[in-house]
Amino acid sequence: MRSRHTVTAALLLLLAPVSACTTGPALENQGEVTAPPGDSKHLTIGSAGFTESDLLAQMYALLLGRAGYSTKIISVTNREIYEPALESGQIDVVPEYAATFADWLNAKKNGADATPVGSPDLATTMKALRALAAPRGLTVLDAGRSVDQNAFAVTSAYATKHRLKSLSDLGRSGLPVRLAAGDECVQRPYCAPGLKKTYGIDITGVDPKGVGTTQAKQAVQSGRDQMVLTTTTDATLDDFGLVLLADDKHLQNADYLVPVVNRSRAGSEGVRKALGKLNTVLTTKDLARLNEQVDSWRRLPEDVARTYLRSHGLLPDD
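Not measured: the values here are computed from a predicted model.

How each quantity is defined
- Residues numbered from 1 in each chain as written.
- Predicted model: local features only at pLDDT ≥ 70, side-chain atom pairs only at ≥ 80, totals over all residues.
- Heavy atoms only, no water.
- Pairing = 2+ DSSP bridges.
- Helix = DSSP H or I, 4+ residues; strand = E, 2+ residues; numbered from the N terminus.
- Axes fitted to C-alpha atoms, helices over the stretch in contact; angles between N-to-C directions.
- Contact = heavy atoms within 4.5 Å.
- Parallel < 35°, antiparallel > 145°, perpendicular 65-115°, else oblique.
- Expected span 1.5 Å × (residues − 1).
- Buried < 20%, exposed > 50% of the residue type's maximum accessible area, 1.4 Å probe, protein only.
- pLDDT = per-residue confidence, 0-100.
- Salt bridge = Lys/Arg side-chain N within 4 Å of Asp/Glu carboxyl O.

J.: Break down the sheet that holds strand S10 (residues 242-245) for me, citing the residues and quoting the values.
T.: If you walk across this open sheet you meet the five strands as S8-S7-S9-S6-S10, and the pairing is mixed. At either end of the open sheet lies a strand with only one pairing partner, and these are strand S8 (202-208) and S10. On average, adjacent strands in this sheet sit at an angle of 40° to one another, irrespective of strand direction. Of the strands in this sheet, strand S6 (150-155), strand S7 (176-181), S8 and strand S9 (227-231) touch helix H7 (residues 192-199), which is tilted by about 165° from S8. Contacts from helix H8 (residues 214-221) reach S6, S7, S8, S9 and S10, with the element oriented near 145° to S9.

J.: Explain the packing of helix H1 (residues 51-66) against helix H11 (residues 284-295) to me, using residue names and the numbers behind them.
T.: Contact geometry of H1 with H11 gives a least axis separation of 10 Å together with a crossing angle of 105°. Here H1 lies roughly perpendicular to H11, going by the angle between them. Contacts between H1 and H11 involve Thr51, Glu52, Leu55 and Met59 from the first element and Leu287, Leu290, Asn291, Val294 and Asp295 from the second.

J.: An account of H1 is needed here, citing residue identities and associated values.
T.: Here H1 spans 23 Å end to end across 16 residues, near enough to the 22 Å set by a 1.5 Å rise per residue. Most of H1 is tucked away, with 14 of its 16 residues classed as buried. Glycine 68 sits one or two residues past H1 and shows a positive phi near 100°.

J.: An account of the confidence of the model for the chain is requested, with residue identities and associated values reported.
T.: In the predicted model, the chain carries a mean pLDDT of 90, and 89% of its residues have values of at least 70. In this model residues 1-10 is a low-confidence stretch, pLDDT under 50, and it forms 25 contacts with partners more than four residues away in sequence or in other chains. Here residues 16-32 is a poorly scored stretch, pLDDT under 50, and it has 23 contacts once near neighbours within four places are set aside; other chains count.

J.: Could you give an account of the pattern of salt bridges, naming the residues involved and the relevant values?
T.: Enumeration according to the criterion identifies 16 salt bridges in this entry. Here arginine 289 and aspartate 286 are joined by a salt bridge, their closest N and O atoms 3.4 Å apart. Separated by three residues within a single helix, arginine 289 and aspartate 286 lie in helix H11, roughly one turn from each other. Among the ionic pairs, arginine 306 bridges to aspartate 303, the shortest N-O distance being 3.8 Å. Placement of both arginine 306 and aspartate 303 in helix H12 (residues 301-311) is noted, with a separation of three residues, approximately one turn of the helix. By relative accessible area, aspartate 303 is classed as partly exposed at 34%. If you follow the salt bridges from partner to partner, you end up with Glu83, Glu87, Lys108 and Arg136 in one network.

Below is the structure:
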C-alpha cells in the first residue's frame with residue numbers, strides 16, 4: 001500500500017477562494033465536457049468532518065491505496081468550500097448523499113427557491129444528480145446499499161403497546177404525537193408537514209431539541225415526547241430503548257451514499273472499480289455499527305475502516 005496521510009483543516013485556506021486556473025470546466029463551457037476521464041495516481045479525498053464522512057473517506061483511501069493510488073485526506077466541513085474545490089481538482093473524491101447533493105447543486109444552479117430534484121426514488125434522483133454534476137466536470141459513481149436519511153423512532157415499549165412497526169401504523173392509530181426534532185421541522189416537507197400529509201399522523205407539536213441529539217432521545221425515553229427525528233445510521237437507539245418506524249410510504253428522499261469524483265483527475269475505470277467494491281458489502285446497518293465504534297467506543301476512523309474492509313476481504317490481513 002502506498003503512503004497515505006491526513007491533512008488537517010488548517011489547510012482550508014489553500015482551498016478558498018478557488019483559483020481561476022482549474023481543471024474543471026469554465027462556467028461558459030459547462031455542458032460541453034469532452035476531455036477523456038483522468039487517472040491521476042495522486043488523489044486527494046475530501047471528508048465533511050463528521051464521523052460517517054471520516055469513515056467513508058478512510059475506506060475510500062484504503063481501497064484506492066490497494067488499487068495502486070497514493071492518497072491524502074482533507075477535512076472540509078463546509079460544502080460551500082469543498083464542492084468548488086472538487087470542481088477545480090483541488091479535491092478529487094468526496095463521499096456524498098445523492099438526494100441532498102442533487103438539491104444542493106440544483107439550488108446552486110437555479111437559486112435557493114428552485115423546485116427540489118431529489119426524490120424518494122433512487123433512479124430518479126441519480127438521473128437528476130448526474131445531469132447537474134456533469135457540466136461541472138464531476139462524475140457521480142454508482143450508489144451502494146447504504147443510505148443515511150431522516151428516520152423517526154419511538155420507544156420499544158410504545159411500539160409494542162400500540163402495535164407499531166411503521167409510520168403508517170402510527171397514522172392509523174390516531175395517537176397524538178409530540179415530536180422531538182430541530183425547530184426547522186415545523187416547516188420542512190419531509191418532517192412534521194410530511195408526517196401529517198403522507199401518513200396522517202397527529203403531530204401536536206415539535207419539541208426543538210435537535211436531530212438525533214441525546215436531549216431529544218431522552219425526551220422520548222422519558223415520555224415527554226412520543227417520537228424523535230434521527231437518521232437511519234444512528235447507532236445509539238438501543239441505548240435509549242428506541243426503535244425506528246419504517247418509512248413505508250417513502251416520505252424521505254433517496255440519500256444513498258455515492259462517491260463523487262473530479263472527472264478530469266479521477267474519472268477513470270480504475271477509480272470506479274476500486275470504490276465500487278464497497279457497494280457490494282456496506283449496508284446501512286453496517287454503517288451504523290461503524291459510527292458507533294467511533295462515537296461510543298472511541299476507536300479511530302482509520303482503524304475501524306481498515307478492520308471492516310479486511311473482514312469483508314477487500315484488504316489483505318497483513
